[in-house]
Amino acid sequence: MTKVEWNLRGVIIPLITPFKDDLSVDYDGLAKLVDYYIDEVGCDGVVPCGTTGESPTLSHREHAEVIEAVVKQTRKRVPVIASAGSNSTREAMELTRLAEQLGADATLQVGPYYNKPTQQGLFDHFKSISAASKLPLIIYNIPGRTCRNIEPETIIRLWSEIPQVVGLKECSGDFHQAMQIYRGTDPETFKIYSGEDIMTFGLLCHGGSGAIAAVAHVVGREVKAMCRAVWDGRIDEARQLHYQIMDVVDALFIEPNPTPVKQAVEWMGLPAGPLRPPLQTLTPRGRETLRAAMRAGGWLA
């Protein structure tokens, strides 16, 4: 079996979706964010319409328009990994075909949520999606949100049997599980990205290919430097970077993502706008904690 080629390493930003005061998508603001994170932060890839992009509140039309806008603004400077998952296999297939038509370079596929399929059901779900498109497919395992873990054996089987399965966004929070997956796959053809931001340093030390990191909206340069330090063998330097950003990483998840991230982006003077219900504005206590962490680290005056 010839694997689909996918060699991306580094920091991938799951972009927020900026909204206007009337809660419509701020496409001019989105374009500014794309340029900022590519040109100023130096990110290595972007993900539109993920959890951090408030995908549950986007209509299908908005989902397509956001992907299209990001692809257009990126101008091939970095890969676009379009979030195209669903708890409906048919819908995920349709979104994946659409992402390919819109010019995305790969898709991110969350494990089906709420309906809790078996491990065989999970395998068949991703297999069906892979048949719908030639794009590389990155699995997104986040059992804290989906209520169903994609077990290591299932992930290893998907990698070994399906050419398009080229990576994993690892959000199980379980180092033992991550090590099982590292041991059972080939880093040349299967890239594991940290999606649990506090665990990025540890996953990098086990051979990770970087991070799909919500916190990179604030500390993207530091996460990128941490990746490079690990890959160059400068572990002490990477560890210090990890500890340097640890408090702000914790603060950026003090309330449900992307609530603190959007507040931080707004404080940084970048387009963010309000959250769509049912998410709500960061609480006063959350604002105090986040502001203190950002100021202490020099990310906010």
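Refer to the structure printed above.
Here the structure is a predicted model, which means the values were calculated and not measured.

(A) Representation of the packing of helix α6 (residues 152-161) against helix α7 (residues 175-184) within the structure. Running from amino to carboxyl end, α6 crosses α7 at an angle of 25 degrees, the nearest separation of the two axes being 9 Å. On the basis of the axis angle, α6 is roughly parallel to α7. The handedness of the crossing between α6 and α7 is right-handed. Between α6 and α7, the residues in contact are P152, I155, I156 and W159 and Q177, Q180, I181 and G184, respectively. Across the contact of α6 with α7, the residue classes break down as five nonpolar, three polar and no charged.

(B) Quick look at the packing of helix α4 (residues 119-131) against α6. Relative to each other, α4 and α6 sit at 30 degrees, their axes nearing to 10 Å. Put simply, α4 runs roughly parallel to α6. The crossing of α4 and α6 is right-handed. Here α4 contributes Q119, Q120, F123 and F126 to the contact with α6, which in turn contributes T154, R157, L158 and E161. Here the residues of the contact of α4 with α6 are counted per class, giving three nonpolar, three polar and two charged.

(C) Focus on the packing of aromatic side chains. One pass over the structure, following the stated rule, counts one aromatic pair. One residue, R9, lies across the ring of W231, its end atom 3.9 Å from the ring centre. The aromatic ring of Y140 is capped on one face by K169, whose charged end is 4.2 Å from the ring centroid.

(D) Highlighting the pairing of strand β5 (residues 137-141). Counting buried positions over the five residues of β5 gives five, a clear majority of the element. Taken together, the four bridges between strand β4 (residues 106-110) and β5 define a ladder with parallel strand orientation. Within the sheet, the bridge partner assigned to Q109 lies in β5 and is I139. In this fold, β4 hands off to α4, which returns the chain to β5; that crossover is right-handed. Sheet analysis places β5 next to strand β6 (residues 165-170), joined by five bridges and oriented parallel. Bridge pairing links I139 to L168 in β6.

(E) View of the sheet that holds β6. Reading across from one edge, β2-β1-β8-β7-β6-β5-β4-β3 is the order of the eight strands in this open sheet, with parallel pairing throughout. What marks the edges here is a single partner per strand, and that holds for β2 (45-47) and β3 (81-83). Strand-to-strand, the axes of this sheet are offset by a mean angle of 30 degrees, without reference to chain direction. Judged from the four bridges that link them, β6 and strand β7 (residues 191-194) form a sheet pairing that is parallel. The partner of E170 across the bridge, within β7, is S194. In the packing of helix α9 (residues 216-231) onto the sheet, the strands contacted are β1 (10-14) and β8 (210-212), and the crossing angle to β1 comes to about 160 degrees.

(F) Just empty space enclosed by the protein, in detail. Applying the stated criterion across every chain, the model contains two cavities of 30 Å³ or more. The calculated volume of the largest cavity comes to roughly 40 Å³. If you go around the largest cavity, the residues you meet are P14, V47, G50, T51, T52, L108, Y140, K169 and I212. Taken together, the residues of the lining of the largest cavity sort by class into five nonpolar, three polar and one charged. In terms of lining residues, the second largest cavity is bounded by D197, T200, A211, A213, V215, V223, M226 and I245. For the lining of the second largest cavity, the residue count by class is six nonpolar, one polar and one charged.

About the cut-offs
Residues numbered from 1 in each chain as written. Predicted model: local features only at pLDDT ≥ 70, side-chain atom pairs only at ≥ 80, totals over all residues. Heavy atoms only, no water. Axes fitted to C-alpha atoms, helices over the stretch in contact; angles between N-to-C directions. Helix = DSSP H or I, 4+ residues; strand = E, 2+ residues; numbered from the N terminus. Parallel < 35°, antiparallel > 145°, perpendicular 65-115°, else oblique. Left-handed = near helix turned anticlockwise from the far one by under 90°. Contact = heavy atoms within 4.5 Å. Nonpolar A, V, L, I, M, F, W, Y, C, P; charged D, E, K, R; others polar. Phe/Tyr/Trp six-rings, centres within 6.5 Å; stacked < 30°, edge-to-face > 60°. Lys NZ or Arg CZ within 6 Å of the ring centre and 35° of its normal. Buried < 20%, exposed > 50% of the residue type's maximum accessible area, 1.4 Å probe, protein only. Pairing = 2+ DSSP bridges. Right-handed = clockwise from strand over helix to strand, strands pointing away. 1 Å grid on protein atoms, 1.4 Å probe; cavity = no way out; pocket = protein on both sides within 12 Å on 5 of 7 lines; lining within 4 Å. Points joined across faces, edges and corners; volume = space filled by probe spheres on them.

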